[in-house]
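Analysis of the macromolecular model
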Amino acid sequence: DNKNLLENLLSAYPGKSMKNRKEHMMIKDSGEEKQHIMANTRTVPGIMTNRGCAYAGCKGVVLGPLKDVVHITHGPIGCSYYTWGTRRHKGRAKDGEKNFISYSFSTDMQDPDIVFGGERKLKQAIKEAVEIFEPEAISISATCPVGLIGDDINAVAKEAQAEYGIPVLAFSCEGYKGVSQSAGHHIANNNFMENVVGTKDREPKTKYPINLLGEYNIGGDGFEISRILDKIGYDVVSIMTGDGTLEEIKEAHTADLNLVQCHRSINYIAEMMEEKYGIPWLKINFIGVQGTIETLRNMAKYFDDEELIQRTEEVIEEELGEIKDVIAQYKKMCEGNTACLFVGGSRAHHYQNLFKEIGIETVVAGYEFGHRDDYEGREIIPDIEMTADDRNIPELKVTKDEKRYKLRLSEERYEQLKKEMPLGEYKGLVTAMEDGQILIDDLNHYETEVLLDALKPAVFGSGIKDKYVAQKMGIFSKQLHSYDYSGPYAGFKGAVNFARDISAGINTPTWNYITAPWK
Ligand code: ICS
């Protein structure tokens, strides 16, 4: 059984590593009162982890999708090159908007810059970017050597901002600032709150102004979500950050509700905006048909408006009518199979719904860099011990903005709604799992092979770093980060794309013809 499986897996480790890795595993047992899992701690040196760095989380994940900003990577060329287009966050310029998504900007630091300092090169890069591209803003992201040699990117940014009259934001997101990309999310969140949100006012376009947080338009997910929200009549003030602009984030404080898709990467802003401007946040999930329906109904209920509730039901009915039969068809081809999901900090949870809708059960799930609250729910936050790594990132304290704070819900109504929907709440991945199933944090290549070999799932949902290991073992691997050049997978139409892709991947006879190169 799974207990033996994990014991066998662990037995290959030397004592200290065994103890460490054991804490990052759990077999769900709802009979136990409180089950814990260790997360967001350093990977054991020498282990092949799938994690990224703080720079990846800041520049690559949170900043990168903003299309009106020239994102300058201050560092050696590799950091910029490997974050160039690989995440597949798409951007489409609307009227008058600028779009630099397809570019990659770097100071291309060389040995002399490391020895004598790179600030001059950075200033020159900003000058060129302003002259050639005329962006709405510039971001500077630091890579490891910048912090090590002590280039003062904040001073350079300040000077450039004064000289060119556009926002120039500096992010001290050196790769080593945290144990994973998660640290970079936090650094980006803090800077947006300090320097961007609340710097421009705006009148709502409809009665329902909202922000969409933690949605990055991977493979066009955001295009599908926006299509649905527009159809119902929502006014999307800003998106953080898929297909988004910095201009819109300036106005984000004018929304009446924050939707949180990816809790891990953006919960800091959601919390701070509630504190500072009084905007409640709702945990949503646009992955999966049922998730999408539930999300839309919760949103309508939040605004408590008959017209909106009715319109929501109309749209749901219309959209469902278009996809129901197609999905049922694919379900027949997938039913009874199992999946192992190992993705970032939210998708190993979100995608379980979508798999379930085509009859596939998730038997192992884990995050690369989720925190304990992403597993166990936000109620665990007060119990999480701060480590030296956590203290690397300044904890930003915000207070009520007396001028712009507005109470959106009475205290009673907030408490009432909280009972009916995840308002200001995320319950975590563990709740999605069944008893006996495995949760595993910061999974590595060795463990991947052992688990796949023993459990032989029909599909392994993961990323580029382990995709081909799985496929050489004869197991279909679907990249749940980049979607393997496909997508969108969100919303109603996305669910159809997903069902089609998974069904094709599972049912292709290819897997029967594969002999692993090591066999
Ligand atoms: Fe959030 Mo890859 Fe998101 Fe998540 Fe995050 Fe990353 Fe991607 Fe993955 C992400 S922000 S890049 S939902 S879009 S860092 S797929 S936690 S690891 S699961």
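These lines cover the structure that appears in this document, whether it is placed above or below. What you see is a predicted model, and the numbers here were worked out from it, not measured in a lab. (Residues numbered from 1 in each chain as written. Predicted model: local features only at pLDDT ≥ 70, side-chain atom pairs only at ≥ 80, totals over all residues. Heavy atoms only, no water.)

1. Regarding the overall build of the protein
Assigned secondary structure in the protein consists of 21 helices and 14 strands. For the protein, the C-alpha radius of gyration of 23 Å lies close to 24 Å, the compact-globule estimate for 519 residues. Across the 519 residues in the protein, those meeting the buried criterion constitute 57%. Taking all contacts inside the protein whose residues are at least 6 apart in sequence as the whole, residues at least 24 apart take part in 76%. Per element, the accessible surface of the protein, about 22,600 Å² overall, is 51% carbon and sulfur. (Helix = DSSP H or I, 4+ residues; strand = E, 2+ residues; numbered from the N terminus. Rg over C-alpha atoms; globule rule 2.2 N^0.38 Å. Buried < 20%, exposed > 50% of the residue type's maximum accessible area, 1.4 Å probe, protein only. Contact = heavy atoms within 4.5 Å. Areas by Shrake-Rupley, 256 points an atom, 1.4 Å probe, with all protein chains shown as cover.)

2. Examining the sheet that holds strand β8 (residues 257-260)
Strand order in the open sheet formed by 4 strands is β7-β6-β8-β9, with parallel pairing between adjacent strands. With one partner strand each, in any of the chains shown, β7 (235-241) and β9 (281-283) form the two edges of the open sheet. Sheet twist, expressed as the mean angle between neighbouring strand axes with direction ignored, is 25°. Where β8 and β9 come together, 3 bridges link them in parallel fashion. Note on β9: the bridge partner recorded for Val260 is Lys283. (Pairing = 2+ DSSP bridges. Axes fitted to C-alpha atoms, helices over the stretch in contact; angles between N-to-C directions.)

3. Section: the packing of aromatic side chains
Evaluated as defined, the whole model comprises 19 aromatic pairs. Look at Tyr81 and Trp84: their rings are 6.2 Å apart centre to centre, the planes differ by 75°, and that puts the pair in the edge-to-face class. For Tyr81, a relative accessible area of 48% corresponds to the partly exposed category. Residue Trp84 is classed as partly exposed on the basis of its relative accessible area of 43%. Taken together, the ring pairs in this structure connect Tyr351, Phe355, Tyr483, Tyr489 and Phe498 into an aromatic cluster. Positioned over the ring face of Tyr405 is Lys400, at 4.6 Å from the centre of the ring. (Phe/Tyr/Trp six-rings, centres within 6.5 Å; stacked < 30°, edge-to-face > 60°. Lys NZ or Arg CZ within 6 Å of the ring centre and 35° of its normal.)

4. Description of the pairing of strand β10 (residues 338-342)
For β10, a buried count of 4 out of 5 residues is recorded, marking the element as mostly surrounded by other parts of the structure. Two elements, β10 and strand β11 (residues 361-366), share 5 bridges in a ladder whose sense is parallel. Pairing of Ala339 across the sheet is with Thr362, part of β11. Read as a crossover between parallel neighbours, the route from β10 over helix α15 (residues 347-357) to β11 is right-handed. (Right-handed = clockwise from strand over helix to strand, strands pointing away.)

5. Re the site of the ligand
Residues in close proximity to the ligand total 14 residues, the closest being Arg87, His185, Cys262, Ser346 and His481. Judged by the fraction of its atoms near the pocket grid, the ligand is located in the largest pocket. Per-class residue counts for the shell around the ligand are 6 nonpolar, 6 polar and 2 charged. (Near = heavy atom within 4 Å. 1 Å grid on protein atoms, 1.4 Å probe; cavity = no way out; pocket = protein on both sides within 12 Å on 5 of 7 lines; lining within 4 Å. Sits in = over half its atoms within 2 Å of the grid points. Nonpolar A, V, L, I, M, F, W, Y, C, P; charged D, E, K, R; others polar.)

6. Considerations on the pairing of strand β14 (residues 476-479)
In regular strands, side chains alternate between the two faces of the sheet. Every second residue of β14 is oriented toward a common face, with Phe476 and Lys478 on one face and Ser477 and Gln479 on the other, all of them buried. In this view, the connection linking strand β13 (residues 459-462) to its parallel neighbour β14 by way of helix α20 (residues 464-472) has right-handed handedness.

7. Brief notes about a nonpolar patch on the surface
A contiguous nonpolar surface patch, about 640 Å² in accessible area, is contributed by Ile114, Val115, Phe116, Leu148, Ile149 and Tyr176. For the nonpolar patch, the secondary structure elements donating two or more residues are α5 (111-116) and α7 (144-149). With 3 residues, α5 is the largest single contributor of residues to the nonpolar patch. Note on placement: Ile114 falls in helix α5. The class of Ile114 is partly exposed, set by a relative accessible area of 31%. (Patch = residues over 30% accessible without salt bridge, like charges linked within 9 Å, V, L, I, M, F, W, Y side chains within 5 Å. Salt bridge = Lys/Arg side-chain N within 4 Å of Asp/Glu carboxyl O.)

8. Looking at the side chain of Gln261
Looking at where Gln261 falls in the secondary structure, it is placed in the loop between β8 and α12 (263-277). Taking the relative accessible area as the measure of exposure, Gln261 reaches 6% and is therefore buried. Polar contacts involving the side chain of Gln261 include one to the main-chain amide nitrogen of Phe286, which spans 3.0 Å. Excluding residues that lie within four positions of it along the chain, Gln261 makes contacts with Leu213, Gly214, Glu215, Lys283, Ile284, Asn285, Phe286, Ile287 and His350. (Polar contact = N/O pair within 3.5 Å; in protein donor to acceptor, adjacent residues only side chain to side chain.)

9. What about the pattern of salt bridges?
Under the criterion given, the structure shown has 42 salt bridges. Across the salt bridge formed by Asp235 and Arg202, the nearest N and O atoms sit 2.8 Å from each other. Placement of the pair is Asp235 in strand β7 and Arg202 in the loop between α9 (182-195) and β6 (209-215), with a sequence separation of 33 residues. Grouping residues by exposure puts Asp235 and Arg202 together as buried. Measuring nitrogen to oxygen at the nearest pair gives 3.6 Å for the salt bridge that ties Lys493 to Glu322. With Lys493 in helix α21 (residues 491-507) and Glu322 in helix α14 (residues 306-334), the pair connects residues that are 171 residues apart, well separated along the chain.

10. Details of the layout of surface pockets
The space that makes up the largest pocket amounts to roughly 1,200 Å³. Mapped onto the lining of the largest pocket, the elements with two or more residues apiece are α3 (54-63), α4 (77-81), β6, α10 (221-232), α15 and α20. Residue contributions to the lining of the largest pocket peak at 5 residues, all from α3. Classifying every residue of the lining of the largest pocket by side-chain character gives 18 nonpolar, 22 polar and 10 charged. In this structure, the second largest pocket spans a volume of roughly 1,000 Å³. (Points joined across faces, edges and corners; volume = space filled by probe spheres on them.)

11. Let's talk about the state of the cysteines
By the definition in use, this model includes 0 disulfides. Its sulfur unpaired, Cys58 is 3.8 Å from the next cysteine sulfur, which belongs to Cys173. (Disulfide = S-S within 2.5 Å.)

12. A look at the side chain of Asn285
Along the polypeptide, Asn285 turns up in the loop between β9 and α13 (289-303). Judged by relative accessible area, Asn285 falls into the buried class, the value being 11%. Ignoring any residue separated from it by four or fewer positions in sequence, one finds Asn285 in contact with Gln261, Gly291, Thr292, Thr295, His350 and Asn353.

13. A few points about a negative patch on the surface
Together, Asp29, Glu32, Glu361, Glu434 and Asp435 make up a region of like negative charge exposed at the surface. Residue class for Asp29 comes out partly exposed when judged on its relative accessible area of 31%. (Lys, Arg positive; Asp, Glu negative; His and termini not counted. Charge placed at Lys NZ, Arg CZ, Asp CG, Glu CD.)

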